[in-house]
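Coordinates in review
Here's the letter readout for the chains.
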Amino acid sequence: MTASLTQSTELVGASIIAGESVQGTGTAVHGIDPSTGENLEPSYKHGDLGQVEQATSAAAAAFDAYRSTSSQSRAQFLDTIADNIAALGETLIDRAVAESGLPKARITGEVARTTGQLRLFASVLREGSWNGARIDPAIPDRTPLPRADIRQRKVPLGPVVVFGASNFPLAFSVAGGDTASALAAGCPVIVKAHDAHPGTSELVGRAVSDAVASTGMPAGTFSLLYGSGRTLGTALVTDPRVKAVGFTGSRSGGTALVAAAAGRREPIPVYAEMSSINPVFVLSAALDSRGADLGRAFVGSLTMGSGQFCTNPGLVIAVDGPGLDTFVEAARAAVSEAAPTTMLTPNIAASYASGVEELGKSATELARGTETDAPNACRAALFTTDADTFVTSEVEQQEVFGASSLIVRCRDAQQVRDVAVRLEGQLTATIHGDDADHAEAGKLLSTLELKAGRILFDGWPTGVEVGHAMVHGGPFPATSDSRTTSVGSLAIERFLRPVAYQDVPKSLLPSAIADGNPDGIWRRVDGALTQD
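Residues numbered from 1 in each chain as written. Predicted model: local features only at pLDDT ≥ 70, side-chain atom pairs only at ≥ 80, totals over all residues. Heavy atoms only, no water.

Digging into helix α3 (residues 104-127)
In a regular helix each residue adds 1.5 Å, so 24 residues correspond to 34 Å; α3 covers 35 Å between its end C-alpha atoms and thus fits that length. Gly128, located one to two residues past α3, shows a positive phi value of around 95°. (Helix = DSSP H or I, 4+ residues; strand = E, 2+ residues; numbered from the N terminus. Expected span 1.5 Å × (residues − 1).)

Topic: the sheet that holds strand β6 (residues 134-136)
In space, the 5 strands of this open sheet follow the order β22-β7-β6-β23-β24, with mixed pairing throughout. Across the chains shown, the open sheet's two edge strands, defined by having one partner strand only, are β22 (496-502) and β24 (528-530). Sheet twist, expressed as the average angle between the axes of neighbouring strands with direction ignored, equals 25°. Bridging between strand β7 (residues 150-156) and β22 involves 7 bridges; their strand directions are antiparallel. Each residue of the ladder has a partner; that of Val155, found in β22, is Arg497. (Pairing = 2+ DSSP bridges. Axes fitted to C-alpha atoms, helices over the stretch in contact; angles between N-to-C directions.)

A short note on the pattern of salt bridges
This model, assessed by the stated rule, comprises 29 salt bridges. Its salt-bridge partner being Arg126, residue Asp79 comes within 2.9 Å of it at the nearest N-O pair. Taken together, the residues span a long stretch of sequence, with Asp79 in helix α2 (residues 71-100) and Arg126 in helix α3 at a distance of 47 residues. For Asp79, a relative accessible area of 13% gives the class buried. Connected via shared salt-bridge partners are Asp79, Asp83, Arg119 and Arg126. (Salt bridge = Lys/Arg side-chain N within 4 Å of Asp/Glu carboxyl O. Buried < 20%, exposed > 50% of the residue type's maximum accessible area, 1.4 Å probe, protein only.)

Quick notes on the domain arrangement of the protein
Domain boundaries in the protein define domain 1 (15-274 + 484-494) and domain 2 (279-457). Counting from both sides, the interface comprises 16 residues of domain 1 and, opposite them, 15 residues of domain 2. Regarding the contact of domain 1 and domain 2, the summed buried area is about 1200 Å², with carbon and sulfur atoms giving 59% of it. When residues of domain 1 are sorted by the area they lose upon contact with domain 2, Pro34, Asn167 and Glu273 head the list and together hold 36% of the total. The salt bridge involving Arg251 is made with Glu424; its shortest N-O contact spans 3.2 Å. Linking domain 1 to domain 2 there are 3 residue pairs in polar contact (both at pLDDT 80 or more). Tallied by class, residues from the side of domain 1 that touches domain 2 come to 6 nonpolar, 6 polar and 4 charged. (Domains from an automatic or database assignment. Contact = heavy atoms within 4.5 Å. Buried area = accessible area lost by both parts, 1.4 Å probe. Polar contact = N/O pair within 3.5 Å; in protein donor to acceptor, adjacent residues only side chain to side chain. Nonpolar A, V, L, I, M, F, W, Y, C, P; charged D, E, K, R; others polar.)

Concerning unusual backbone geometry
At the junction of Thr143 and Pro144, the peptide bond is cis and its omega measures out at 5° in the coordinates. If you trace the backbone, Pro144 turns up in the loop between β6 and β7. Cis geometry is found at the peptide bond from Phe476 to Pro477, where omega equals 5°. Within the element layout of this structure, Pro477 appears in the loop between β21 (452-457) and β22. One non-glycine residue with positive phi stands out, namely Asn517, at about 50°. Positive phi values are uncommon outside glycine, yet Asp526 reaches one of about 50°. By secondary structure assignment, the location of Asp526 is in the loop between β23 (523-525) and β24.

Focus: the packing of helix α12 (residues 413-422) against helix α13 (residues 438-448)
Describing two packed helices takes the angle between their axes plus the distance from one axis to the other. The geometry of α12 relative to α13 is characterised by a closest axis approach of 9 Å and an angle of 15° between their N-to-C directions. Our classification of the angle between α12 and α13 gives roughly parallel. In this structure, α12 crosses over α13, and the sense of that crossing is right-handed. For the pair α12 and α13, the contacting residues are Ala413, Val416, Arg417, Ala420 and Val421 in the first and Glu440, Lys443, Leu444, Thr447 and Leu448 in the second. Looking at side-chain class alone, the contact of α12 with α13 contains 6 nonpolar, 1 polar and 3 charged residues. (Parallel < 35°, antiparallel > 145°, perpendicular 65-115°, else oblique. Left-handed = near helix turned anticlockwise from the far one by under 90°.)

Remarks on the pairing of strand β11 (residues 244-248)
Of all 5 residues that make up β11, 5 are buried, and the element is covered over most of its length. Every second residue of β11 is oriented toward a common face, with Ala244, Gly246 and Thr248 on one face and Val245 and Phe247 on the other, all of them buried. In terms of strand pairing, strand β8 (residues 160-163) meets β11 through 4 bridges, oriented parallel. The residue of β11 that forms the bridge with Phe163 is Phe247.

Let's talk about the packing of aromatic side chains
Under the counting rule described, the total for this entry stands at 8 aromatic pairs. Measuring from ring centre to ring centre gives 6.1 Å for Tyr66 and Phe77, while their planes differ by 85°; the resulting arrangement is edge-to-face. Highlighted residues: Tyr66 in helix α1 (residues 49-67) and Phe77 in helix α2, separated in sequence by 11 residues. This pair shows no difference in class: Tyr66 is buried, exactly as Phe77 is. Each residue in the set Phe168, Phe172 and Phe309 is aromatic and connected to the rest through ring pairs, giving one cluster. Sitting over the face of the ring of Phe63, Arg67 holds its NZ or CZ atom 5.6 Å from the ring centroid. The side chain of Arg74 reaches across the aromatic face of Tyr66, ending 6.0 Å from its centre. (Phe/Tyr/Trp six-rings, centres within 6.5 Å; stacked < 30°, edge-to-face > 60°. Lys NZ or Arg CZ within 6 Å of the ring centre and 35° of its normal.)

Description of the environment of Asp515
Among the structural elements, Asp515 can be located in the loop between β22 and β23. Judged by its relative accessible area of 41%, Asp515 falls in the partly exposed class. Along the sequence, Asp515 and Asp532 sit 17 residues apart, while their C-alpha atoms lie 9.5 Å from each other. Among the polar contacts made by the side chain of Asp515, one reaches the side chain of Arg151 at a distance of 2.8 Å.

Set out below in structure tokens:
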């Protein structure tokens, strides 16, 4: 059953396929208020393979027309999406709060981040360097062989599938960074909504679909589907019309999608953000001078948002001694006083409880947050272990998604560096050090730049600035492809590929590499950057 979309904010519990509201036929799911465990109306029925066919067919049909739109037109489209989301106001905020258990201030900030990302990519389109324009002019009299006229620009890959994340119902979901960067690149997008926030997803999906219609984009530029990751999600990834995937979620989910994409007749890239424990290295002079302050600040970062951030500091590594004892005591006291907070879903809360229980079988528990009878609550947890045990323990090196962290005591600075070498890939690595620690920090830095996508000094990893220099990525298992980022303007590169044009008639050249620079963008001409 299909129906045309309207501007109404009344939820109808349906997928959106190329501008049409489409009811599913499969399992019915509800949003759940995690603070009470109660179902939220309406129900959303999962889609089937027929809906996958509809969405991918529409995206493929839209691709040529959408990729041919001007940068200015796509920028206006992204700005319109941002305007539509902002116009939802309290309706969107209230629904996201109800479905996630997150505080209103957090959701309000996430709305701003979501609209900000869209506007960032609009500005990237208007500026133009995303084209990667290069021109090597012909040298017909070069000896022994003449040089042809060779020009290069970047073109979009094709339809992209985006999987909404559980922990960011807006900023990493329907109109989040993956969708914004793919649309900016000129790729139609099919989003698989996360079951944790179906109503929020529908509201945002309508905002995107309304923008498609009002700015005259092809209808298949955007679709939103509800369904099982194992069936509908896998079908999307393996559909031959899909050319790339954006995913934020578990390590098992991400690796399953990578395997499915690699097994296609035409393998495609999967940009999966998965697992990270974000080590924090606290060096000796810093421990001696401000160990207690660092311990308290660490717990503030650890417990923020119930620890449900991909950049949560799940590991602290330091040399054993009085300074570390001071840090540990301050952290232990702060965790003991931490009030329980509601986690995103019952499944996430159950997984957190199980992860903490398993970690406690290997490491020594230092403190737990205060007790509660509230459903789906997160009690902060702090553990300690020694470095020799840590490097041989699979359990201690696994991510526990929530406000749990492990302090690793090392014999000396060399063992700290040895632990760093043994770590898996990470989204972030943090160093706290005073001036006297800089020599040791320099030794760590050369290792950490091979382990993490972002290295911080004297800060905390929670909170990711959306800008031009940010990298939110890292070696496996932090992501499936360490060469890129899912946050910041560089994210557009994931959905583009370079094409060289050799001796193409001038009348047929795309404007980004045409003579006279009609787009007025920066280009590399004969090796030199210029706007001429």
